[in-house]
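Next come the chains, spelled out residue by residue.
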Amino acid sequence: TLETALFLKIRGRYFGDRGQFQKAIADLSRSVELNPRDSDAPWHWLAPLLVYTGQLDAYRQLCRRILEQSETTDPGIAERIAKDCLIIPSSEIDLKTVARLADFAVNRDKAHRYYSWFQLVKATAEYRQGNFSTALAWLEKIPATVDGTAGAQVWGMKAMALHQLGHAEKALAALTHARELAKTPLAELETAKPPVAWNDWITAKLWIAEAAELIERHPLAVENPSP
């Protein structure tokens with residue numbers, strides 16, 4: 001029932017707040033099954049959690065399920081669906097569909113209070129499609145005042161785009177900054193000022209790890225001119 005789905009969603013987020021991720025996954029997964037079109041999006045918390053715990057098959061299955069909502073007229077939901085399907089380089093779904101959602105979000109309402117998030121998902125969609133210059137251009141449009149885990153995600157993605165474009169020193173500096181912004185330990189997220197959402201923290205950590213793998217294990221030999 002919808003009431004059960006709501007209870008499981010609330011309890012799943014409660015478990016996630018306390019780092020009890022397997023319990024959170026169980027509750028959130030069941031909530032999605034019972035009410036897959038919940039506009040409050042339990043899948044938005046579940047998706048990064050599945051990747052973080054290495055359950056990639058379940059993550060890809062979730063991406064296929066949430067893409068069934070791709071006809072949404074809500075830019076916030078479009079952004080969430082797109083972002084959740086872009087957490088890792090390959091979620092085995094149609095990137096063109098995801099990119100269309102990102103385009104819808106970023107073009108629908110430029111006065112939206114979450115517009116910086118929409119710009120980030122647009123940049124991420126471009127990066128995942130191999131359009132690194134376009135991705136960087138969108139990242140550069142995001143206000144410098146964006147900090148915390150949102151900023152960490154921006155700078156993690158920026159580090160990867162800069163590396164792909166051959167800017168080794170700037171990429172490493174961006175990675176260092178992303179790490180600084182995401183340094184709050186998981187156990188302290190609730191008491192942070194302002195409080196930090198653990199799903200955003202997880203996504204930031206995942207992108208920082210991806211950037212580190214790209215930059216530190218495959219360093220560039222030559223620094224290209226500035227973009």
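Per-chain numbering applies: the sequence of each chain, read as written, is numbered from 1 onward. Two thresholds apply to this predicted model, a pLDDT of at least 70 for residue-level local features and 80 or more for giving and counting side-chain atom pairs, whereas whole-chain, interface and lining totals are computed over all residues. As a rule here, side-chain values come from all non-hydrogen atoms in the structure, and water together with hydrogens is ignored.

Angles here are taken between N-to-C directions and fall from 0 to 180 degrees, while the axes themselves are lines fitted to C-alpha atoms, restricted in helices to the stretch in contact. Helix and strand assignments come from DSSP, with helices taken as H or I runs of at least 4 residues and strands as E runs of at least 2, each series counted from the N terminus. Between helix H5 (residues 75-84) and helix H6 (residues 95-108), the least distance of the axes is 8 Å, while the angle of their chain directions is 145°. Taken as a pair, H5 and H6 cross one another with a handedness that is left-handed. Contact with H5, carried on its side by Pro75, Ala78, Glu79, Ile81 and Ala82, involves Val98, Leu101, Ala102, Phe104, Ala105 and Arg108 of H6 and no other residues of that element. Gly counts as polar in this scheme, as do all residues outside two lists: the nonpolar Ala, Val, Leu, Ile, Met, Phe, Trp, Tyr, Cys and Pro, and the charged Asp, Glu, Lys and Arg. Residue composition of the contact of H5 with H6, by class: nine nonpolar, no polar and two charged. Note on convention: near helix rotated counterclockwise from far helix by under a right angle means a left-handed crossing. Clockwise means right-handed. Any pair of residues with heavy atoms lying within 4.5 Å of one another is described as a contacting pair.

As a further point, take the confidence of the model for the protein. For the protein, mean pLDDT is 91; residues scoring 70 or higher make up 96% of the total. Note on residues 223-227: pLDDT under 50 across the span, and 15 contacts to partners over four residues away in sequence or across chains. Values of pLDDT, the confidence the predictor places in each residue, fall between 0 and 100.

Attention shifts here to the packing of aromatic side chains. To pair, rings of Phe, Tyr and Trp, with the six-membered ring standing in for Trp, must have centres within 6.5 Å; the planes then decide the type, stacked if under 30 degrees apart, edge-to-face if over 60, and tilted in the middle. The tally for this structure, following the rule as stated, stands at seven aromatic pairs. Ring plane angle 80° and centroid distance 5.9 Å describe the contact between Phe21 and Tyr52, whose orientation is recorded as edge-to-face. With a gap of 31 residues between them, Phe21 in helix H2 (residues 21-34) and Tyr52 in helix H3 (residues 43-52) connect regions that are remote in the sequence. These aromatic residues form a ring-pair network of at least three members: Phe21, Trp45, Tyr52, Trp198 and Trp201. By definition, being over a ring means that NZ of Lys or CZ of Arg is both within 6 Å of the ring centre and within 35 degrees of the ring normal. Here Lys158 stacks its cationic end above the ring of Trp155, 4.0 Å away from the centre of that ring.

Right, let's get into the pattern of salt bridges. Any carboxyl oxygen of Asp or Glu that lies within 4 Å of a side-chain nitrogen of Lys or Arg is treated as forming a salt bridge with it. Tallying each qualifying case throughout the model produces 13 salt bridges. In this structure, Glu126 and Lys122 form a salt bridge, with 2.7 Å as the shortest nitrogen-oxygen distance. In this pair, Glu126 and Lys122 both sit in helix H7 (residues 115-128), four residues apart, roughly one turn of the helix. Residue Glu126 is classed as buried on the basis of its relative accessible area of 10%. Residue classification places Lys122 among the buried residues on the basis of a relative accessible area of 9%. Here Arg217 ties to Glu213 by a salt bridge, and the two come within 3.2 Å at their closest N and O atoms. Ionic contacts of the salt-bridge type, sharing partners, join the residues Lys9, Asp38 and Asp40 into one network. Relative accessible area decides the class of each residue, using a 1.4 Å probe on protein chains only: under 20% of the type maximum gives buried, over 50% gives exposed, and in between gives partly exposed.

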